[in-house]
Amino acid sequence: MAYRFHPSPGGAGQRTRSRRRPAGAALGLLAVAMLAIAPVAFGAQATVGLGTAGSFAVLAGTTVTNTGPSVISGDLGLDPGSAVTGFPPGIVNAGAIHATDGVALQAKSDLTTAYNDAAGRSSTASISSDLAGRTLTSGVYTSASSLGLSGDLTLDAQGDPNAVFIFQAGSTLTTGSASHVTLIGGAQACNVFWQVGSSATIGTSSQFVGNILALTSISLTTGATLNGSALARNGAVTLDTNTITKATCTTGASATGTGATGQTGTTGTTGTTGTSGTTTGHHPRHKKSKPKPKPQTKPKPKPKPTPTRKPTPPKPKPTAHKPPAFTG
């Protein structure tokens, strides 16, 4: 308690009491505010192994139904059901359709193992039903009931491309229209897992990231995109003009932020240029090369004049010798 003197109207001092707020209380409020805006960080987690289900962008138990020009990059599978409808107009790129075959059967078995692994992880934090406005780091986040996203969620790997994010929803997973999941700090969609106790619904035009492992069904509404996989154990996968791209982990992922599409690895640095080899002995001085003389053309010899022959005088004809005439 502190006492202060205040002058009274009559001139005499009057002692009053005033309360001082402890400095520790202000510091405590500041610390709470900083914790509210800082990313939540927990210990490193091992990834959830999908086994052969890892090659599937879509995997269901009863049916796979598509409306509109959906594009699926990765395998599409179904077991034990047999109804795959809407392809075309849907397209399956970089994969094949496996309906009630040995490949789909094994993938469903591996999906069950992966689902139980994700559901059995020890929780590192309990989360509210709406993840909008949060920035989270690697960890296992648990909601006893439903889990939702009405806006933007940021997952920060803090420079570790192997950071794993696991979300455990006791019942449903529902995202609102135009909601986003953004990856920063080198986070990769292949290391994000959503274990859903019943069914998942991805809202219209949402940009969602990660592998959805639902016990029952998964529905992607009009225009929603998924950078990851829609894997439903027992129910259907329903699509409507969607783009689903199976996520693939890369080494040396970029630390820049990315949206629903996967991260691109950074380009490696250029190696240093090797030093040139040394030569033993004396180093000869560099001499300027003399220009080669131009070849001189020899003059063509003048043709010798052909000597003119003097005309040979004709030889005189020998006169015939006449015998002397006899007289008598």
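Residues numbered from 1 in each chain as written. Predicted model: local features only at pLDDT ≥ 70, side-chain atom pairs only at ≥ 80, totals over all residues. Heavy atoms only, no water.

### Here we look at unusual backbone geometry
- Here the residue pair D79 and P80 is connected by a cis peptide bond, since its omega of 10° sits within 30 degrees of zero.
- Each neighbour pair has its own omega, and for F87 with P88 the value is 0°, a cis peptide bond.
- One can find P88 in the loop between β7 (83–85) and β8 (91–93). (Helix = DSSP H or I, 4+ residues; strand = E, 2+ residues; numbered from the N terminus.)

### With respect to the pattern of salt bridges
- Throughout the structure, instances matching the rule amount to 1 salt bridge.
- A salt bridge links D117 to R121, with the shortest nitrogen-to-oxygen separation between them at 2.9 Å. (Salt bridge = Lys/Arg side-chain N within 4 Å of Asp/Glu carboxyl O.)

### Some details on the state of the cysteines
- Evaluation of the coordinates by the stated rule reveals 1 disulfide.
- Across the disulfide from C190 sits C249; the S-S distance is 1.7 Å. One quick way to see it: the torsion about the S-S bond of C190 and C249 is about 105°, and its sign makes the bridge right-handed. Taken together, the residues C190 in the loop between β17 (180–184) and β18 (192–196) and C249 in the segment after β24 (243–245) connect sequence positions 59 residues apart.
- Given a relative accessible area of 42%, C249 falls into the partly exposed group. (Disulfide = S-S within 2.5 Å. Buried < 20%, exposed > 50% of the residue type's maximum accessible area, 1.4 Å probe, protein only.)

### Section: the packing of aromatic side chains
- Summed over all chains, the structure comprises 3 aromatic pairs.
- An angle of 10° between the planes, with centres 4.1 Å apart, marks the rings of F167 and W194 as stacked. With F167 in strand β15 (residues 165–169) and W194 in strand β18, this residue pair connects regions lying 27 residues apart in the sequence.
- With relative accessibility at 2%, the residue W194 sits in the buried group.
- Taken together, a centroid distance of 4.8 Å and an interplanar angle of 40° make the contact between W194 and F208 tilted. (Phe/Tyr/Trp six-rings, centres within 6.5 Å; stacked < 30°, edge-to-face > 60°.)

### Considering the sheet that holds strand β21 (residues 218–220)
- In spatial order, the strands read β7-β4-β23-β21-β19-β16-β13; together these 7 strands make up an open sheet with parallel pairing. Among the strands making up the open sheet, the edge pair consists of β7 and β13 (147–149). Between one strand axis and the next, the sheet turns by 10° as a mean value, whatever way the strands run.
- Across 3 bridges, the pairing between strand β4 (residues 63–67) and β7 is parallel. Considered in β7, the bridge of T63 is made with A83. (Pairing = 2+ DSSP bridges. Axes fitted to C-alpha atoms, helices over the stretch in contact; angles between N-to-C directions.)

### Topic: helix α2 (residues 102–119)
- Between the first and last C-alpha of α2 there are 26 Å, a value that for 18 residues agrees with the 26 Å anticipated at 1.5 Å per step.
- All of the buried residues along α2 are A104, A107, K108, D110, L111, A114, Y115 and A118. (Expected span 1.5 Å × (residues − 1).)

### Considerations on the confidence of the model for the protein chain
- Chain-level pLDDT for the protein chain is 80 on average; 63% of the residues reach the 70-or-more range.
- In the model, residues 7–19 has pLDDT below 50 throughout and makes 23 contacts with residues more than four positions away in sequence or in other chains.
- Confidence drops under pLDDT 50 across residues 254–284; counting only partners more than four residues distant or on other chains, this segment forms 32 contacts. (pLDDT = per-residue confidence, 0-100. Contact = heavy atoms within 4.5 Å.)

### What about the nonpolar core?
- By size, the foremost hydrophobic cluster in this structure holds 47 residues, and its most contacted members are L155, F167, W194, I212 and I218.
- Per-element tally for this core: the top contributor is strand β20 (residues 207–214), with 4 residues.
- Beyond its immediate stretch of four places on either side in the chain, I212 contacts W194, V196, A200, I202, I218, L226, S229, A230 and L231.
- Counting 16 residues, the second-largest nonpolar core is a separate cluster that includes A107, L111, A114 and L231. (Core = buried A, V, L, I, M, F, W, Y, C linked by side-chain atoms within 4.5 Å.)

### Let's talk about the environment of I127
- Looking at where I127 falls in the secondary structure, it is placed in the loop between β10 (125–126) and β11 (135–136).
- Beyond its immediate sequence surroundings of up to four residues, I127 is in contact with Y141, T142, S143, L147 and F167.

### Some thoughts on the environment of V181
- In this fold, V181 is placed in strand β17.
- Residues V181 and L149, spaced 32 residues apart in sequence, show a C-alpha to C-alpha distance of 9.0 Å.

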